[in-house]
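# Overview (structure and organization)
Here's the letter readout for the chains.
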Amino acid sequence: MDIGETAIDSIQDSVVRHYEKFRQLKLVVSGGIAGCVSKTVVAPLSRVTVLMQVQSMRPHKFNDGVNPNNLHMFASFRKIIREEGASGLWRGNL
């Protein structure tokens, strides 16, 4: 084995090590981005769900005192957009 072969072997080993580190970094970054995107996409559904659950704990806020104001998901979406604007769907997401 001469010096040239040793140098080539060490370069190949270095490339393999760096490739593995870069691969792991790519996985971590892509996982973080996927988590952010999924949370942002699901946030409006989560907000409406929580608001509908909480309204049942405050019957004095019902229009007629008996039936909840928001019985349907889409009606709740429309109400939030009408009262708070579209950004209201993502309120509390940060």
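Data block above holds the structure.
The following paragraphs examine the structure supplied in this document. The residue count restarts for each chain, going from 1 along the sequence in the order it is written. Only residues with pLDDT of at least 70 are given local features in this predicted model, and only at 80 or more are side-chain atom pairs given and counted; all residues enter the totals for whole chains, interfaces and linings. Only hydrogens and water are set aside when side-chain values are computed; all heavy atoms of the structure are taken into account.

## A short note on helix α2 (residues 73-84)
Starting at the N terminus, helices and strands are each numbered in turn, a helix being any DSSP run of H or I of at least four residues and a strand any DSSP run of E of at least two. Each helix should span, by expectation, one fewer than its residue count multiplied by 1.5 Å. If you check α2, its first and last C-alpha atoms are 16 Å apart, about what twelve residues at 1.5 Å a residue would give, namely 16 Å. Buried means the residue's accessible area, taken with a 1.4 Å probe over protein chains only, is under 20% of the maximum for its type, while exposed means over 50%, and partly exposed covers the values in between. Along α2, the residues classified as buried are S76, F77 and I80. The arc that holds every buried residue of α2, seen down its axis, measures 105°, which confines them to one face. Away from its buried face by more than 90 degrees, α2 exposes F74, R78 and R82. Downstream of α2 by a residue or two, G85 has a phi angle that is positive, lying close to 85°. By construction, the arc corresponds to the directions joining the helix axis to the C-beta atoms.

## Here we look at the pattern of salt bridges
Where charged atoms of side chains with opposite charge meet at close range, the side chains can pair. Here a salt bridge means any side-chain nitrogen of Lys or Arg lying within 4 Å of a carboxyl oxygen belonging to Asp or Glu. All told, the structure shown has two salt bridges when counted by the stated rule. Between R91 and E84 there is a salt bridge, and its shortest N-O distance comes to 3.5 Å. On the basis of relative accessibility, which here comes to 31%, the residue E84 falls in the partly exposed class. Look at the salt bridges and you will find they share partners, linking R47, E84 and R91 into a network.

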